[in-house]
Amino acid sequence: DTRGKVLNEVLREKAKCPVPQPAMVGAVKMSRRGIGGARCFSFVHFALGRVPALAYQLDMVESVRIIGIDPGLRRTGWGIIESEGNRLRFIACGVLTPEVDQALALRLVHLHEGLMRLIAEHHPHEAAVEETFVNAGARSTLLLGQARGIAVMTPASMGLPVGEYSANLVKKSVVGTGHAEKAQIELMVKTLMPAANFKSTDAADALAIAVCHAHHR
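The following paragraphs examine the structure supplied in this document. (Residues numbered from 1 in each chain as written. Predicted model: local features only at pLDDT ≥ 70, side-chain atom pairs only at ≥ 80, totals over all residues. Heavy atoms only, no water.)

Here we come to the pairing of strand β7 (residues 126–130). By the criterion of burial, β7 is predominantly enclosed, with five of the five residues buried. Because side chains alternate across β7, one face comprises the buried residues E126, A128 and E130, and the other comprises A127 and V129, equally buried. In terms of strand pairing, strand β4 (residues 63–70) meets β7 through four bridges, oriented parallel. For I67, the partnering residue across the bridge sits in β7 and is A127. (Buried < 20%, exposed > 50% of the residue type's maximum accessible area, 1.4 Å probe, protein only. Helix = DSSP H or I, 4+ residues; strand = E, 2+ residues; numbered from the N terminus. Pairing = 2+ DSSP bridges.)

See the structure below:
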C-alpha cells in the first residue's frame, strides 16, 4: 500500500528529530475520469514541522477504455480495449448485423440501438470510427456514409469524444504500413493483445481502429 509506505517513512523521520513537532500535515488528491470509473490518484505533500519537508508525488498511469467501430450497413464491427500507458488490454469485440431485407431506416435503428447497448454495458470513455472509404459505386458509398453517420453520432450523443481515422492511418498505426492486408492486421492485433478472440475481420478491424486511437489520442 503506497500511502502506508509514505506514512511509515514520515514516522521514521519524526522519530529521528529530538525536538517536539506539531501534528503531521497531509493531503490526498484524487481525480476521477469518465463514466467507466477510470481513476488517477495523486498523493501530495506530507510534512512534519521542523523536519525537512517530505514531498511525495505518485501519479498512477490513467486507464482509458476505447470502443473502435468499423461501420457498415450489413456488418458493423466493434471492439473495446483499455489503454494504460504503452499497455493495451482486450475487453470485448463483435459484429452488429442488421437484417438485410429490412428497410434502410430500420437497419440504421438496429445499428444505433446496438451501439447504445454496447456503450451502456462496457462504459468506454472514448470512441474511434474509421472514415468512409470511397469506392467505385456511388450508391454503395452513400449507404456506407449513412451507417458511418450512426457510428459517429451514437457515441457522441452519449457524451463520448469521437476520433476519426482513415483506413491507411489505422493500418500504418497497427502494422507499420498503410497498405497492409487483412491477415496482417489480424496477426498484429493478436500480437498486441493475445487475449483478443475476434471471429471476423470486421471485429479485428474495429480493434485495430481502437488501437490506432490509443496511439494518437
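Let's shift gears to helix α3 (residues 138–157). An ideal rise of 1.5 Å per residue puts 28 Å on 20 residues; α3 measures up with 28 Å between its terminal C-alpha atoms. The complete set of buried residues in α3 reads T141, A147, R148, I150, A151, V152, T154 and P155. Buried positions along α3 lie against β4, α2 (104–122), β7 and β8 (162–165). G159 sits one or two residues past α3 and shows a positive phi near 90°. (Expected span 1.5 Å × (residues − 1). Contact = heavy atoms within 4.5 Å.)

On to the side chain of D202, then. Structurally, D202 can be placed in helix α6 (residues 201–216). Of note is the side chain of D202, whose polar atom sits 2.8 Å from the side chain of R75. The contacts of D202, once residues within four sequence positions are left out, are D70, R75, G77 and V95. (Polar contact = N/O pair within 3.5 Å; in protein donor to acceptor, adjacent residues only side chain to side chain.)

Burial of β8 is one-sided: the residues G163 and Y165 facing one way are buried, the residues V162 and E164 facing the other way are not. For β7 and β8, the ladder comprises four bridges, and the chain directions are parallel. Looking across to β8, one finds that E130 is bridged to Y165.

Read across the open sheet, the five strands follow the order β6-β5-β4-β7-β8; overall the sheet is mixed. Looking at which strands have only one partner, the edges of the open sheet turn out to be β6 (87–96) and β8. Strand-to-strand twist across the sheet, computed as the mean angle between neighbouring axes with direction ignored, equals 20°. (Axes fitted to C-alpha atoms, helices over the stretch in contact; angles between N-to-C directions.)

We now examine helix α4 (residues 167–174). Those residues of α4 that fall on the buried side of the exposure criterion are V170, S173 and V174. An end-on view of α4 places all buried positions within 90° of arc, on one side of the element. The inward-facing, buried residues of α4 abut β7, β8, α5 (182–192) and α6. Immediately beyond the C-terminal end of α4, within one or two residues, lies G176, with a positive phi of roughly 110°. (Arc of directions from axis to C-beta.)

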